[in-house]
Amino acid sequence: MDYQKILEDIYQEILPFANKGEQASYIPALAKVNPNQFGIALTTTSGETYSYLQAQTRFSIQSISKVFALAMALSLDGEDLWKIVGKEPSGTAFNSLVQLEVEKGKPRNPFINAGAIVIADRLMTLLPDPDKEFLGFIHALSGTESIDYNLEVAESEREYGYLNAAIANLLKYHGRIENNIEDVLMFYYRMCSVEMNCIELAQAFLAFTNHQHFDFGGYKLSSSKIKRLNAVMQTCGFYDEAGEFSYLVGLPGKSGVGGGIVAVHPLHYSVAVWSPRLNSKGNSVMGMKALELLTTYTEESIF
Ligand code: GLU
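Residues numbered from 1 in each chain as written. Predicted model: local features only at pLDDT ≥ 70, side-chain atom pairs only at ≥ 80, totals over all residues. Heavy atoms only, no water.

Novice: Looking at this model, I keep getting lost on the sheet that holds strand β2 (residues 49-53). Mind explaining?
Specialist: The strands that make up a sheet are held in pairs by hydrogen bonds between backbone atoms, and each pair lies either parallel or antiparallel. If you trace the 5 strands from one edge of the open sheet to the other, you get β2-β1-β9-β8-β7, paired in antiparallel fashion. The open sheet terminates on both sides in strands that have one partner only, identified here as β2 and β7 (253-255). The sheet shows a mean angle of 5° between the axes of neighbouring strands, direction not considered. Across 6 bridges, strand β1 (residues 39-44) lies against strand β9 (residues 269-274) in antiparallel orientation. Within the sheet, the bridge partner assigned to T44 lies in β9 and is Y269. (Pairing = 2+ DSSP bridges. Helix = DSSP H or I, 4+ residues; strand = E, 2+ residues; numbered from the N terminus. Axes fitted to C-alpha atoms, helices over the stretch in contact; angles between N-to-C directions.)

Structure, rendered in structure tokens:
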């Protein structure tokens, strides 16, 4: 398969969408990013990496961080984790409060904000230095030590994070959070603020394509856990557009409001794409199109 040519052809085809959508502005620090950027990188399980355009420009991974946090919590808690967070698609926006109130504070899944905040709390309870552990895990997965938090973005999100604060308060009210709310939110914002580029993200997610040896930074997952983590990405990775992504792309994946999307073709490749302009559901317009064309051109998906 000539992946390089496919990535380049895809870009030409999605150019008409280059000005569609807006970058996230509810986090003021993200509004400063030049929206007219695009990068893509694909890494195969045999170790080749193909990339195009701004694949080396780091951006805010935002909700993509929720996959790393889930992997750590699953490794530490095993199946018990599902007692504190569900694994059903929410069909609502990433920061929705509606279900949470009705369901007495048990978040639908780990990839909506409420679920990730509960997981952040759990990691704070279990780990003596969660900030260091979280970065260390990403360093181990990506093989890149220079990846770091962007504290300006984290602080900007804290300052305007009214909805997340409401979610955390509701969770605390229902006894779903053990630690101090402010500390949990700040850790959650730092996780979201991590900056990586497409090549680093594709490399980090390669670990989720392999069902055999997951052992990174001291966190181990069995092949069955990796399959399940992919199942949660498949059903819950795209806010209330998970069905659409599944239908159009057919791969497990996760998006973030920084404009990044990562997807995994188990036993074949991982792919990361980035373009800051988002659709109304919070997913990258060009990123969604690029991945749809990738599985169309390669005539492969998990289905
Ligand atoms: N930090 C963002 C928030 O909590 C993450 C949203 C996202 O990427 O889905 O609003």
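Novice: Explain the packing of aromatic side chains here, please?
Specialist: The description of an aromatic ring pair uses the distance of the two centres, along with the angle that the planes make with each other. Under the definition given, this model contains 14 aromatic pairs. Here Y11 and Y52 contribute two aromatic rings whose centre-to-centre distance is 5.9 Å and whose plane-to-plane angle is 70°, an arrangement assigned as edge-to-face. With a gap of 41 residues between them, Y11 in helix α1 (residues 3-14) and Y52 in strand β2 connect regions that are remote in the sequence. By the ring-pair criterion, three or more aromatic residues cluster together here, those being F68, F137, F205, F208, F214, F216 and Y219. (Phe/Tyr/Trp six-rings, centres within 6.5 Å; stacked < 30°, edge-to-face > 60°.)

Novice: For this particular structure, what's the right way to read the site of the ligand?
Specialist: Taken together, the neighbourhood of the ligand is formed by 13 residues, with Y26, Q62, S63, E157 and Y239 sitting nearest. Here an oxygen atom of the ligand sits 2.5 Å away from a polar atom, N or O, in the side chain of Y26. Within the side chain of Y188, one N or O atom sits 2.6 Å away from an oxygen atom of the ligand. Against a free-state accessible area of 300 Å², the protein chains account for coverage of 99% of the ligand. Within the shell around the ligand, the residues separate by chemical class into 6 nonpolar, 5 polar and 2 charged. (Near = heavy atom within 4 Å. Polar contact = N/O pair within 3.5 Å; in protein donor to acceptor, adjacent residues only side chain to side chain. Areas by Shrake-Rupley, 256 points an atom, 1.4 Å probe, with all protein chains shown as cover. Nonpolar A, V, L, I, M, F, W, Y, C, P; charged D, E, K, R; others polar.)

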